[in-house]
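So you can see what is in the structure, the chains are spelled out below.
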Amino acid sequence: MLSSREFQRWERQAAARTPSHAWLWTVAVAAALAGWVYHGIDHGDPTTRWLVVAVAGFALAFLRAPTHFFWRSDATLLARLPIAGHVLFDSGLRRSLLDASRYALVLIGGAAPLLATDAHATLPYLAIGAALVAMAAGAGPAACVGAGTLVTQDRARQLLAGSAPATAPTAVLGGLPGFVAAIAIVLVIGCAGSLDGGSAELPWPLVAAALATVGVGSALVARQAWAVHMPAMLRDVTTLDRQQLATLQILPAAPLHRLLAPAMSPAAARLLDVRSRLMSRRYPMASVAGALAFVILLVLAIWPRVDLSLFVTTVVSSAVYAVMLARRLRQAPTAVPRLERALGITEDVQRSAHTAWVQTWWWLFVGVPGGIAAARANQPAIAVGILAVATLLTIMAPRRQSQPA
Amino acid sequence: MIAQVNQLSVRYGRRNAVDDISFELRAGELVLLLGPNGAGKSTTLSAMSGAITPTAGTITIAGQPVVTDAAKAKVGFADQPPALYEFFTVEEHVGFVAQARGGDRAEATAVLTQLGLQAIAARPCRELSFGMRQRVGLAAALVANTSVILLDETLNGLDPHATRHALAALTAATARGAAVLMSTHLLGSAERRCDRVMLMNKGKLIEDLHGDALAALAQRGPTALEDLYVERIADEGPT
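This section reports on the structure supplied with the text. Note that the structure is predicted; figures quoted are calculated from it, not measured.

Parameters at a glance
Residues numbered from 1 in each chain as written. Chains lettered and ligands numbered in written order. Predicted model: local features only at pLDDT ≥ 70, side-chain atom pairs only at ≥ 80, totals over all residues. Heavy atoms only, no water. Helix = DSSP H or I, 4+ residues; strand = E, 2+ residues; numbered from the N terminus. Buried < 20%, exposed > 50% of the residue type's maximum accessible area, 1.4 Å probe, protein only. Areas by Shrake-Rupley, 256 points an atom, 1.4 Å probe, with all protein chains shown as cover. Pairing = 2+ DSSP bridges. Axes fitted to C-alpha atoms, helices over the stretch in contact; angles between N-to-C directions. Parallel < 35°, antiparallel > 145°, perpendicular 65-115°, else oblique. Left-handed = near helix turned anticlockwise from the far one by under 90°. Contact = heavy atoms within 4.5 Å. Salt bridge = Lys/Arg side-chain N within 4 Å of Asp/Glu carboxyl O.

1. Let's talk about the overall build of chain A
Assigned secondary structure in chain A consists of 16 helices and 0 strands. Residues classed as buried in chain A amount to 51% of the 405 residues present. Surface exposure of chain A reaches about 17600 Å², of which carbon and sulfur atoms provide 70%.

2. As for the sheet that holds strand β10 (residues 204–210) of chain B
Residue and element names in this part refer to chain B. One open sheet holds the 6 strands; their spatial order is β6-β7-β8-β3-β9-β10, and the pairing between them is mixed. The outermost strands of the open sheet, each flanked by one partner alone, are β6 (75–78) and β10. Neighbouring strand axes in the sheet, compared pairwise and without regard to direction, differ in orientation by 15° on average. Inspection of the sheet shows β6 paired to strand β7 (residues 148–152) by 4 bridges, in the parallel sense. Across the sheet, Gly-76 pairs through a bridge with Ile-149, a residue of β7.

3. Focus: the packing of helix α1 (residues 4–17) of chain A against helix α3 (residues 90–100) of chain B
Contact geometry for α1 of chain A and α3 of chain B: axes closest at 11 Å, N-to-C directions at 160°. Looking at the two axes, α1 of chain A sits roughly antiparallel to α3 of chain B. Every pair of crossing elements has a handedness; the one defined by α1 of chain A and α3 of chain B is left-handed. Between α1 of chain A, through Glu-6, Phe-7, Arg-9, Trp-10, Gln-13 and Arg-17 of chain A, and α3 of chain B, the contact on the second element is made entirely by Glu-92, Gly-95, Phe-96 and Gln-99 of chain B.

4. Things to note about the pattern of salt bridges
A complete count under the given rule lists 16 salt bridges over all chains for this structure. Its salt-bridge partner being Arg-72 of chain A, residue Glu-11 of chain A comes within 2.6 Å of it at the nearest N-O pair. Separated by 61 residues along the polypeptide, Glu-11 of chain A in helix α1 and Arg-72 of chain A in the loop between α4 (65–69) and α5 (75–80) bring together distant segments of the chain. Overall, Arg-72 of chain A belongs to the buried group, its relative accessible area being 2%. Residues Arg-133 of chain B and Glu-86 of chain B are paired through a salt bridge, measuring 2.6 Å at the closest nitrogen-oxygen approach. Of this pair, Arg-133 of chain B sits in helix α5 (residues 130–142) while Glu-86 of chain B is found in the loop between β6 and α3, placing the two residues 47 residues apart along the sequence. Summarising the burial analysis for this pair, Arg-133 of chain B and Glu-86 of chain B share the class buried. Each of Glu-11, Arg-72, Asp-74 and Arg-95 of chain A takes part in one network of salt bridges that share partners.

Now the structure itself:
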């Protein structure tokens, strides 16, 4: 049977051939953060800017973990092969470590202006950043495998009781990692006041130590206790995907997506419907992040003439997130894309459905409130220009060729 | 018995995709699984491959539950369309599957030669046509001397030469003691070489013909199986 080293050699071989600009993007984001933090030195809030991005980046890095463990595009194939649980766990952990190292690079790059200004005062921020990296690298995988174990054990219990397992609690697959990430974020917010020597609910050394310990410790515990369930997880999650996608008994398509359907070709409308359900279930964070952007832009619209930096940050980060969502649409982590190819769904139909989904998200959460906020900003022409460029970016994002699943 | 399916049920929501079916596969058998779209053929094959968990029932391969590594190493599965690593070459993909089953990566070359695929061995999977993908899926199902070979409409989309290569490889597999269970809508070549025919409809196994019964059916003429299919399964469209 394959050892961890052999399996990862195959994975590295596949990764080396898969077109990816992840490291290039990482450097670009780190440079952008450094620039924004440097700009913040003149406005008196560079550390706040760094910390906001650190928390947002943590959420992204942490919540990518399920796609490295059970929502892998090759889950169906791997579930059928006799590959040991710890080998599958190590593979997911390696992918999470890669994500965490990219996240670390962004944090270090972004902190460069702070280090140059006052290295000593920056150390508490870097310590919290390191703790968040440890959480993303270790606790993300642990939360995923823990959630997967809960699902497999629940199914086993149901089967033993002779009841139908059709209503297995898949919500826990995304819900548990989300809950753990939320606790870490609350702790960081709770200690934020103490990072620059002020008073806070929690002292930062305690929070940093706790997060780092949980991050490293939970990964070790998960490998020891739960990795053995990985093959069952892949199989059960594949089963649940089939059950839920076959009957479409998942969250209903958003009303806006249903409204768009008559304006599209029947094939694109059907695809939009399926994608809408898939995204609602797989990426509930899309709605949460969208709602956050909506609230910020709404506040800026109601309270105009403030500094443009918050508007720019919200619109640009929302556009980057929309591009990421477009990529998720192209890489739906199930057997669905293969089935769609077999059914003759063309690239054009896919682009049309994906564009409709991304644009619905964009205009609902960002475009409309952003337009009002831009019109009422102290530099409306610049604000409208930035919003227009960001919108163009989100329109172009789904037009890239689909990645094979 | 090399594979045993006992009271298998798979439910998708409120719908029974497979409803309490039982059968066995014997070593050296080539079995056709026929039925209309939505009859439950693919779900049965997927459950037998260990890719999905049954709602009820048991599946054993050589006496081991299908979820065990020992059983998985013996089962080869080609789904529709086959799951391939798109950025691997054909030889790498089949080699990876061979190694995962405990075989030798070099076995990939032998299987690809057997299926007439040596010319595309160095091509990336993402560049393959539908028919080529089907053949690579078949190669991955056969590699590492699997003893239960499950094929989900794998012969569909193959040209006559490729079909001959595939059937020759399957005949060779049955000759070494493997059992082949193959769902298809294309009767003809496969029908002539099969040892047994099972008919599914609405999740139920409604016919299991082998031995004398199958020989008697074959004597009724070249369209006898198609006639039986039409007779036993009403034309209701997709279910």
